[in-house]
Amino acid sequence: MTRNLRTILATMILFLAAFSLLAADRPDLVVVISIDQFPYSYIERFQPYFSDGGFNRFLKKGADFQKARYTYATTYTGPAHAAIGTGRVPSASGIIGNSWFDRVAGSREYCVADARATPVDKLGGGMSPLNLASDSLGDRLQEKYPGAKVFGVSIKDRAAILMAGRKATAAFWYDAGGPGFVSSSYYRIDETLRQLLAGYNHAVPDYVKAHPVWEQSGFIPAADLERLTHDPEKLRQYKTQREGVGVAFPHPIKGAEALTYTPFGNGLVFGFVEQLIDAEHLGTDDGQPDLVYLSLSSPDYLGHSFGPDSLEVADTVVRTDRDLASFLDHLEQKFGKRVTVALTADHGVQSIPEVAKDMGRDAGRLDMRDPGANVRTFAELGDGRRQLEKTVAKKLGLHATDKTPIEHGLILAFEEPGLYLNWVRIRELKLSGELVKRVVRDAARTLPGVSGAFTDSELLSMNRDPAELEAAVRRSFRADRSGDVLVTLRPGWIWSYGPTGTTHGQPVEADQHVPVMLWGAGGKPGAYENEAAPTDLARTLGSLLGVQAGGPDTQVLPCVSP
């Protein structure tokens with residue numbers, strides 16, 4: 001045997017061995033779980049009370065990236081689920097917020113709105129990934145494996161749709177009016193999926209009736225609850241009163257919508273996904289891997305109402321752990337080592353400002369809301385909006401008082417975090433647009449709670465070494481959709497939409513630091529302190545599946561790197 005022939009044979013053997021190893025590691029089913037409004041601090045805070053099979057399955061038998069953070073500023077549901085699915089930040093995915101102001105139409109555009117998408121069996125409709133500007137992991141998977149199926153499931157339409165991507169087999173979301181899961185004509189809803197929807201939705205009313213009240217589970221001892229929460233009765237006036245739920249235990253659950261504001265909403269999603277996997281024969285050993293995205297929306301709904309320091313959130317975290325354990329047990333029993341599960345969150349959350357203040361922290365609400373149809377003068381605007389309009393007018397040498405008509409304002413619309421200017425008024429006054437933007441920016445920086453403000457011109461200009469805050473805002477900015485001035489808030493501060501509850505959306509630790517975990521086929525267990533982000537999941541899972549996905553600024557996480 002010649003030396004060249006031996007070399008060729010050796011190379012072929014190595015190639016076949018590598019190919020066999022890759023095939024052995026490649027899962028037949030990948031499941032990505034996003035928990036809506038779930039900061040990594042919940043993992044640290046409640047870990048002693050987790051079961052063996054839920055979060056601890058990832059912590060002890062999987063890969064845990066303890067320092068994972070979103071690198072962009074707009075930590076909202078829409079942008080994050082697009083980021084999880086595509087591996088791209090909002091400036092590239094096009095999903096800069098849950099909504100944005102459409103300058104041409106003169107109205108707000110919801111991130112997954114699509115008037116062309118009609119209902120399926122008279123339910124759903126009106127939604128699709130039309131506004132998503134980048135390809136997803138699911139798109140790449142289906143291009144390489146024509147038989148692969150990709151699904152998205154959530155209570156929220158935007159979560160299911162934006163994770164699953166533009167070529168998804170289908171996305172399903174929950175309509176409490178049904179009650180049950182719905183979809184739209186954008187997707188390939190065949191007879192099998194129609195039967196699944198009809199059968200599952202038929203059982204939803206019984207599931208709702210089976211949960212008439214939400215009581216504390218007892219998974220966390222009372223003495224520990226007092227240490228882990230800050231929920232004095234005097235502060236419960238700052239929780240948001242949701243119809244049919246109440247603000248204190250025991251919580252009545254009066255109807256299908258009220259149930260989604262409790263941890264029992266998770267069961268609707270897990271149950272539907274389990275039946276979907278069976279009905280569609282997902283994860284079969286046919287060489288065509290499948291991909292399922294699911295998002296648990298209920299932690300976000302109730303988190304906005306009750307706040308992260310509440311008894312309700314504490315109980316929800318440990319109940320979610322048990323639900324997760326049951327679902328993972330189901331997957332392991334069905335697929336063994338042929339499944340990979342990734343777990344992350346779309347954002348964290350800020351404390352209710354009044355609760356934060358009671359704990360001695362800087363916090364507050366900044367009201368920049370657009371005026372309602374009946375508002376006529378500056379006097380009727382929220383404090384922040386009124387102060388901004390009057391400060392801007394003064395700096396430009398204009399006369400403005402509380403009696404100034406709304407239509408004379410220089411701010412046309414606010415859609416967090418963007419201020420959209422009133423260009424008709426600016427032209428009437430023959431003002432320099434660039435000057436007005438700079439004046440609005442500088443005035444915004446003087447408002448209470450503001451950490452930064454940037455004009456779109458600044459963000460469009462070249463800056464090879466921006467400061468951390470500006471870099472995060474740039475990753476959230478898209479010129480055709482973002483505002484003329486973008487504003488960020490300090491830790492503890494939130495945009496105000498009323499005197500109760502809380503929210504998220506800022507480039508701060510509490511909102512950006514979330515879980516990124518993997519368990520199952522192809523991953524190396526361990527606690528990793530590497531820098532990571534949820535956007536890395538598309539590239540990482542793509543490497544397991546043999547496809548290229550994710551943005552140029554993402555990485556294959558080291559738990560699956562060669």
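For the structure itself, look to the data block above.
So, how was this worked out
- The residue count restarts for each chain, going from 1 along the sequence in the order it is written.
- Since the coordinates come from a predicted model, pLDDT governs what is reported: local features require at least 70, and pairs of side-chain atoms require 80 or more to be given and counted, while whole-chain, interface and lining totals use all residues.
- Where side-chain values are given, they derive from all heavy atoms of the structure, hydrogens and water being excluded.
- Strands here mean DSSP runs of E at least two residues long; helices mean DSSP runs of H or I at least four residues long; both are numbered from the N terminus.
- Each radius of gyration reported is based on C-alpha atoms, and the globular scaling rule is 2.2 Å times the count of residues to the power 0.38.
- Each residue is placed in one exposure class: buried if its accessible area under a 1.4 Å probe, protein chains only, is under 20% of its type's maximum, exposed if it is over 50%, and partly exposed if it falls in between.
- The contact rule is simple, with two residues in contact once any of their heavy atoms fall within 4.5 Å.
- Areas reported as accessible are Shrake-Rupley estimates using a 1.4 Å probe. Residue values count occlusion only from the protein chains shown.
- At least two DSSP bridges between two strands are needed for those strands to be called paired.
- Fitted lines through C-alpha atoms serve as axes, helices being fitted only where they are in contact, and the angles separating the N-to-C directions of these axes extend from 0 to 180 degrees.
- A pair of Phe, Tyr and Trp rings is counted when the ring centres sit within 6.5 Å of each other, with Trp represented by its six-membered ring. The angle between the planes then sorts it: under 30 degrees is stacked, over 60 is edge-to-face, the rest tilted.
- Any Lys NZ or Arg CZ that is within 6 Å of a ring centre and within 35 degrees of that ring's normal is treated as a charge sitting over the ring.
- Comment on the angle field: the value is read as roughly parallel under 35 degrees, roughly antiparallel over 145, roughly perpendicular from 65 to 115, and oblique elsewhere.
- Ten residues, namely Ala, Val, Leu, Ile, Met, Phe, Trp, Tyr, Cys and Pro, are considered nonpolar, four, namely Asp, Glu, Lys and Arg, are considered charged, and the remaining ones, Gly among them, are considered polar.
- When the near helix sits turned anticlockwise from the far one by under a right angle, the crossing is termed left-handed; a clockwise turn instead gives a right-handed crossing.
- As used here, the term nonpolar core means buried Ala, Val, Leu, Ile, Met, Phe, Trp, Tyr and Cys residues forming a set that is joined through side-chain atoms within 4.5 Å.

K.L.:
Would you mind going over the overall build of the protein chain with me for this structure?
P.N.:
If you tally the helices and strands in the protein chain, you get 21 helices and 19 strands. The globule rule puts the C-alpha radius of gyration for 562 residues at 24 Å, and the 25 Å found for the protein chain is close to it. Reported as C-alpha extents along the three principal axes, the dimensions of the protein chain are approximately 90 × 65 × 50 Å. A total of 562 residues make up the protein chain; the buried ones form 57% of that total. Restricting the contact set of the protein chain to residue pairs at least 6 apart, pairs at least 24 apart contribute 72%. Of the accessible surface of the protein chain, which amounts to about 22800 Å², a share of 52% is contributed by carbon and sulfur atoms.

K.L.:
Got a minute to help me understand the sheet that holds strand β7 (residues 180–182) in this structure?
P.N.:
The strands that make up a sheet pair up through hydrogen bonds in the backbone, lying either parallel or antiparallel. Strand order across the open sheet formed by nine strands is β7-β6-β5-β10-β1-β11-β18-β2-β19, with mixed pairing between neighbours. Edge strands, defined here as strands with exactly one partner in the open sheet, are β7 and β19 (526–528). Direction aside, neighbouring strands of the sheet carry axes that sit 15° apart on average. One ladder, built from two bridges, connects strand β2 (residues 63–65) with strand β18 (residues 516–520); its direction is antiparallel. The residue of β18 that forms the bridge with Asp64 is Met517. Each of β1 (29–35), β11 (339–345) and β18 is contacted by helix α21 (residues 536–545), which is oriented at about 175° to β11, the strand it contacts most.

K.L.:
Where do I start with the packing of aromatic side chains in this structure?
P.N.:
When we look at a pair of aromatic rings, we describe it by the centre distance and by the angle of the planes. Taken as a whole, this structure holds 19 aromatic pairs when the rule is applied. Plain terms: the ring middles of Trp214 and Phe249 are 5.0 Å apart, the flat faces sit at 80° to each other, and that makes the pair edge-to-face. On the criterion of sequence distance, the pair formed by Trp214 in strand β8 (residues 213–214) and Phe249 in the loop between α9 (222–228) and β9 (251–252) is long-range, its members being 35 residues apart. Among the aromatic side chains, those forming a connected cluster through ring pairs are Phe151, Phe172, Tyr174, Phe181, Tyr200 and Phe272. Taking the ring centre of Trp519 as reference, the NZ or CZ of Arg57 above it sits at 5.1 Å. Positioned over the ring face of Phe219 is Arg322, at 4.0 Å from the centre of the ring.

K.L.:
Explain the environment of Glu280 to me, please; I cannot follow it from the model alone.
P.N.:
Relative to the assigned elements, Glu280 resides in the loop between α11 (265–279) and β10 (290–296). Since its relative accessible area comes to 6%, Glu280 is described here as buried. A C-alpha to C-alpha distance of 50 Å links Glu280 and Met359, two positions 79 residues apart in sequence.

K.L.:
How should I be thinking about unusual backbone geometry in this particular structure?
P.N.:
The phi angle of most residues is negative, glycine excepted, and most peptide bonds adopt the trans form. A cis amide bond links Gly178 to the next residue, Pro179, at an omega of -10°. Structurally, the position occupied by Pro179 is in the loop between β6 (170–175) and β7. The amide bond that connects Phe249 to the next residue, Pro250, takes the cis arrangement and shows omega of -5°. One can find Pro250 in the loop between α9 and β9. Located in the positive-phi region is Asp121, a residue other than glycine, with phi close to 50°. Residue placement: Asp121 occurs in the loop between β4 (107–110) and α6 (137–144). By relative accessible area, Asp121 is classed as partly exposed at 47%. With phi around 55°, Lys430 is a residue other than glycine that occupies positive phi space. Position of Lys430 relative to the elements: it lies in the loop between α16 (423–428) and α17 (433–444). For Lys430, a relative accessible area of 76% gives the class exposed.

K.L.:
For this particular structure, what's the right way to read the packing of α11 against helix α13 (residues 311–335)?
P.N.:
Geometry of a packed helix pair, given as the angle between the helix axes and the separation of the axes. With their axes 10 Å apart at the nearest point, α11 and α13 run at an angle of 10° to one another. Taken together, the axes of α11 and α13 are roughly parallel relative to one another. In this structure, α11 uses Asn266, Phe270, Val273, Glu274, Ile277 and Asp278 to contact α13, whose residues at the interface are Thr320, Asp323, Leu324, Phe327, His330, Leu331, Lys334 and Phe335. Residue composition of the contact of α11 with α13, grouped by class: seven nonpolar, three polar and four charged.

K.L.:
I would appreciate a short explanation of the packing of helix α8 (residues 191–209) against α11 in the present structure.
P.N.:
It is the contact of α8 with α11, at a shortest axis distance of 11 Å, that shows an interaxial angle of 150°. By the criterion of interaxial angle, the relationship of α8 to α11 is roughly antiparallel. As α8 runs across α11, the sense of the crossing is right-handed. Where α8 abuts α11, its residues Thr192, Leu193, Leu196, Leu197, Tyr200, Val204 and Tyr207 lie against Gly267, Leu268, Gly271, Phe272, Gln275, Leu276 and Ala279.

K.L.:
Where do I start with the sheet that holds strand β14 (residues 418–421) in this structure?
P.N.:
Taken together, the four strands give an open sheet; going across it, the order is β13-β14-β16-β15, and neighbouring strands pair in antiparallel fashion. Looking at which strands have only one partner, the edges of the open sheet turn out to be β13 (411–415) and β15 (450–455). The sheet shows a mean angle of 20° between the axes of neighbouring strands, direction not considered. Bridge analysis of β14 against strand β16 (residues 485–489) gives two bridges, and the strand direction is antiparallel. Each residue of the ladder has a partner; that of Gly418, found in β16, is Leu486. Here helix α15 (residues 383–395) sits on the sheet in contact with β13 and β14, set at roughly 145° to β13.

K.L.:
Any chance you could explain the nonpolar core here in plain terms?
P.N.:
Among soluble globular proteins, nonpolar side chains are generally buried collectively. Formed by 124 residues in total, the largest nonpolar core has its most connected members in Phe65, Phe172 and Phe181. Top element by residues in this core is α13. It accounts for ten residues. Counting residues in hydrophobic clusters, the runner-up holds 25 residues, among them Met368, Phe414, Val436 and Ala443.

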